[in-house]
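Here are the chains, one letter per residue:
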Amino acid sequence: MFVQIDNISKQFQTQSGNLTVLKNININIDRGEFVCIVGASGSGKSTLLRQIAGLDTPSSGEIRIAGVPVKGPSPDRGMVFQNYTLYPWLSVQENTEFGLKLQGVSKRERRERASYYLNVVGLSDFARCLPNELSGGMKQRVAIARALVCEPQILLMDEPFGALDIHTKESMHEFIIDLWQRTKITILSITHDVEEAVFLSNRIFVLSSRPGTVKKEMTINLAERGANIKRHTIFQDYRDELMVLLRQYGAEGLVAAKV
Ligand SMILES: Nc1ncnc2c1ncn2[C@@H]1O[C@H](COP(=O)(O)OP(=O)(O)OP(=O)(O)O)[C@@H](O)[C@H]1O
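- The name given to the protein in an unreviewed UniProt entry is Nitrate ABC transporter ATP-binding protein, with Chamaesiphon polymorphus CCALA 037 as the source organism.
- Word for word, the UniProt comment on the protein under Sequence similarities (unreviewed entry) is "Belongs to the ABC transporter superfamily. Nitrate/nitrite/cyanate uptake transporter (NitT) (TC 3.A.1.16) family."
- For the record of the protein, the UniProt heading Subcellular location (unreviewed entry) holds the text "Cell inner membrane".

Set out below in structure tokens:
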């Protein structure tokens, strides 16, 4: 197994006491998979992703990537956030090179690698632009190029398309599927968008409301991932099944919160 999330739990100390956010999470991911984690708001999705990224440590349990325990952040794990997190004063090219600069990669190699990945995301013509000259979808493609340029083993995405309008979001779905198929990179994304999860993933993990536990694992078998698939019965059946599961586990959480 490439990613092993082995029985992790996470508690936060808050003013009102100990808050258990994640409980006994077990997830295994193979190299090259596209996995989505879905759950109601507050189910701990971002917290889980932060543990995998090494930005925070689980209270118990262990996460291993390619057999190596996660002890902190690493360029091996590329992160993409909802709000792009581009530096507004740097050009698209400079934003894309940024991680490499931190790693001390030479100027020439930075240029070459960033240009390569800007080409991968279809933004070569915008290399000299500043972020505020780009649309939301383009900014997110820069953020993806910036993550890919460090050639991570896994791309971790936290609600990456949550801030985009519906049409841009749909074109980004097609873009990321194409990119995944071309690069064969392992992707782990979190979302509460049911259609997004079904369209993108080969497996989906459904979390319960807080404390987040894995309630269900769904395998998605779609013959093709073109835009038209969303009109097919098989897609709609998966979507309906996932919606029912989210309603069920979200409602359980609401009941639990009241007792
Ligand atoms: N550093 C922290 N200290 C205390 N509580 C925290 C901390 N980080 C997260 N939480 C709590 O953990 C719970 C889960 O938060 P998290 O952001 O992981 O959920 P989520 O599923 O990603 O939610 P959303 O879909 O709304 O983004 C929330 O109740 C949040 O308040």
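Focus on the pairing of strand S7 (residues 154-158)
- Burial analysis of S7 places five of its five residues in the buried class, which makes it a mostly covered element.
- Residue alternation in S7 divides its side chains into two sets, Ile154, Leu156 and Asp158 and Leu155 and Met157, and both sets are buried.
- Looking at chain direction, strand S6 (residues 77-81) and S7 are connected through five bridges and run parallel. Paired with Gly78 across the strands is Leu155, a residue of S7.
- As defined by bridge partners, S7 adjoins strand S8 (residues 186-191) across five bridges and the pair is classed as parallel. For Leu156, the partnering residue across the bridge sits in S8 and is Leu188.
- Crossover connection from S7 via helix H5 (residues 166-183) to parallel S8: handedness right-handed.

Notes on the sheet that holds S7
- One open sheet holds the six strands; their spatial order is S6-S7-S8-S3-S9-S10, and the pairing between them is mixed. Unpaired on one side and paired on the other, S6 and strand S10 (214-219) mark the two borders of the sheet. For this sheet, the mean angle separating the axes of adjacent strands, direction not counted, is 15°.
- When strand S3 (residues 34-38) meets S8, the two strands line up parallel, connected through five bridges. Across the sheet, Phe34 pairs through a bridge with Ile187, a residue of S8.

Notes on the site of the ligand
- Residues in contact with the ligand amount to 14 residues; listed here are only the nearest, Ser41, Gly42, Lys45, Ser46 and Thr47.
- Taking Ser41, its side chain carries an N or O atom lying 2.5 Å from an oxygen atom of the ligand.
- One of the backbone nitrogen or oxygen atoms of Gly44 is found 3.0 Å away from an oxygen atom of the ligand.
- Against a free-state accessible area of 640 Å², the protein chains account for coverage of 62% of the ligand.

Some words on helix H2 (residues 92-102)
- Residues of H2 that are buried: Val92, Gln93, Asn95, Thr96, Glu97, Gly99 and Leu100.
- Taken together, the buried residues of H2 touch helix H3 (107-120) and helix H4 (136-148).
- Following H2 by one or two positions, Gly104 adopts a phi angle in the positive range, close to 80°.

Looking at H4
- With 13 residues, H4 ought to run about 18 Å at 1.5 Å a step, and its terminal C-alpha atoms sit 18 Å apart, in line with that.
- The buried count for H4 comes to ten of 13 residues, which makes it a mostly enclosed element.
- Taken together, the buried positions of H4 are Gly137, Met138, Gln140, Val142, Ala143, Ile144, Ala145, Arg146, Ala147 and Leu148.
- Where the residues of H4 are buried, they touch S6, H2, H3, S7 and H5.

Things to note about the UniProt feature "domain: ABC transporter" (unreviewed entry) in the protein
- Following the UniProt record, the feature "domain: ABC transporter" (unreviewed entry) maps to residues 3-234 here.
- The distance separating the terminal C-alpha atoms of residues 3-234 is 29 Å; by composition the span is 32% helix and 28% strand.

Some remarks on the nonpolar core
- Within the largest apolar cluster, 56 residues are counted, with the highest numbers of intra-cluster contacts made by Ile144, Ile176, Ile204 and Leu242.
- Of the residues forming this core, the biggest block, seven residues, is contributed by H4.
- In this view, Leu242 contacts Val38, Val194, Ala197, Val198, Ile204, Val206 and Met218; residues no more than four positions away in its chain are not counted.
- Residues Val3, Leu49, Ile154 and Phe205 belong to the second largest nonpolar core, which totals 25 residues.

Comments concerning the environment of Ser43
- Note that Ser43 resides in the loop between S3 and helix H1 (45-53).
- Separated by 50 residues in sequence, Ser43 and Gln93 have C-alpha atoms that sit 36 Å apart.
- Residues in contact with Ser43, not counting those within four places in the same chain, are Val21, Leu22, Leu207, Ser208, Ser209, Arg210 and Gly212.

What counts, and at which threshold
- Residues numbered from 1 in each chain as written.
- Predicted model: local features only at pLDDT ≥ 70, side-chain atom pairs only at ≥ 80, totals over all residues.
- Heavy atoms only, no water.
- UniProt positions renumbered as here; feature names shortened; annotations may be inferred.
- Buried < 20%, exposed > 50% of the residue type's maximum accessible area, 1.4 Å probe, protein only.
- Helix = DSSP H or I, 4+ residues; strand = E, 2+ residues; numbered from the N terminus.
- Pairing = 2+ DSSP bridges.
- Right-handed = clockwise from strand over helix to strand, strands pointing away.
- Axes fitted to C-alpha atoms, helices over the stretch in contact; angles between N-to-C directions.
- Near = heavy atom within 4 Å.
- Polar contact = N/O pair within 3.5 Å; in protein donor to acceptor, adjacent residues only side chain to side chain.
- Areas by Shrake-Rupley, 256 points an atom, 1.4 Å probe, with all protein chains shown as cover.
- Contact = heavy atoms within 4.5 Å.
- Expected span 1.5 Å × (residues − 1).
- Core = buried A, V, L, I, M, F, W, Y, C linked by side-chain atoms within 4.5 Å.

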